[in-house]
Amino acid sequence: MKTRTLLLLAVGCGIAILVAGMFVLLRLDHQTAAAPLGIGQQGVSGDARITVKSAKVLDGDLLVTVEVGGVDDPAGMKGFSLIAPNRRIPAGPDQNIADRCHGFTVAPATCTMSFPMAGLAGTVRQLVFERATEKVRWNLIP
């Protein structure tokens, strides 16, 4: 091949890459993140349905009570985490709480999760649940 042909092919490939990148940026620009839900509102992530029933601080821990259901998943509770400024805390079981659970069932069940509050900055707290490729957020403390 001649040098001129190779240069034209390189320029053509560069233009194709620029056009494809422009379309990706336009798609991303039109995506909007779902607004956080509040306590008492139901969120759906994948085939799981979650309703945050309450959130309260007790002995330095944030206790969040949720109703979960819609799917059988023994490891479903691993999708929860607490978001505070510059920190993400995974859900941990609390031995002093009788209504904790470790997984999801099709029938709705009430579960309580415990998040340590020591050393967290600010007052804004969000509960996040991720399942499949979907994410649901709840504002806990405004």
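Residues numbered from 1 in each chain as written. Predicted model: local features only at pLDDT ≥ 70, side-chain atom pairs only at ≥ 80, totals over all residues. Heavy atoms only, no water.

A. Region of interest: the sheet that holds strand 5 (residues 87-90). Pairing in this open sheet of four strands is antiparallel, and the strands run 5-4-7-8 from one edge to the other. Of all the strands in the sheet, just strand 5 and strand 8 (134-141) have a single pairing partner and so form its edges. Mean inter-strand twist for the sheet, computed between neighbouring axes without regard to direction, equals 25°. Two strands pair when backbone bridges link them, and strand 4 (residues 80-84) and strand 5 are joined in this way by four bridges, in the antiparallel orientation. Its bridge partner lying in strand 5, Ala-84 is registered against Arg-87. (Pairing = 2+ DSSP bridges. Helix = DSSP H or I, 4+ residues; strand = E, 2+ residues; numbered from the N terminus. Axes fitted to C-alpha atoms, helices over the stretch in contact; angles between N-to-C directions.)

B. Fine view of the nonpolar core. Ranked by internal contacts, the top residues of the largest apolar core, which has 24 residues, are Ile-50, Val-64, Val-66, Phe-80, Phe-104 and Leu-127. Where this core is concerned, the elements lending two or more residues are strand 2 (48-58), strand 3 (61-69), strand 4, strand 6 (109-116), strand 7 (125-131) and strand 8. Considering every element that reaches this core, the biggest residue donor is strand 3, with four residues. Each residue touching Phe-80, except ones within four places of it in the same chain, is listed here: Ile-50, Val-66, Val-68, Pro-90, Ala-91, Phe-104, Met-113, Leu-127, Val-128 and Phe-129. (Core = buried A, V, L, I, M, F, W, Y, C linked by side-chain atoms within 4.5 Å. Buried < 20%, exposed > 50% of the residue type's maximum accessible area, 1.4 Å probe, protein only. Contact = heavy atoms within 4.5 Å.)

C. Main features of the packing of aromatic side chains. The final tally for this structure, using the stated rule, is three aromatic pairs. On the numbers, 6.4 Å between centres and 55° between planes, the contact of Phe-80 with Phe-104 is tilted. With a gap of 24 residues between them, Phe-80 in strand 4 and Phe-104 in the loop between strand 5 and strand 6 connect regions that are remote in the sequence. A single burial state applies to Phe-80 and to Phe-104, both of which are buried. Ring geometry for Phe-80 against Phe-129: centres 4.6 Å apart, planes inclined by 45°, an arrangement best described as tilted. Placement of the pair is Phe-80 in strand 4 and Phe-129 in strand 7, with a sequence separation of 49 residues. (Phe/Tyr/Trp six-rings, centres within 6.5 Å; stacked < 30°, edge-to-face > 60°.)

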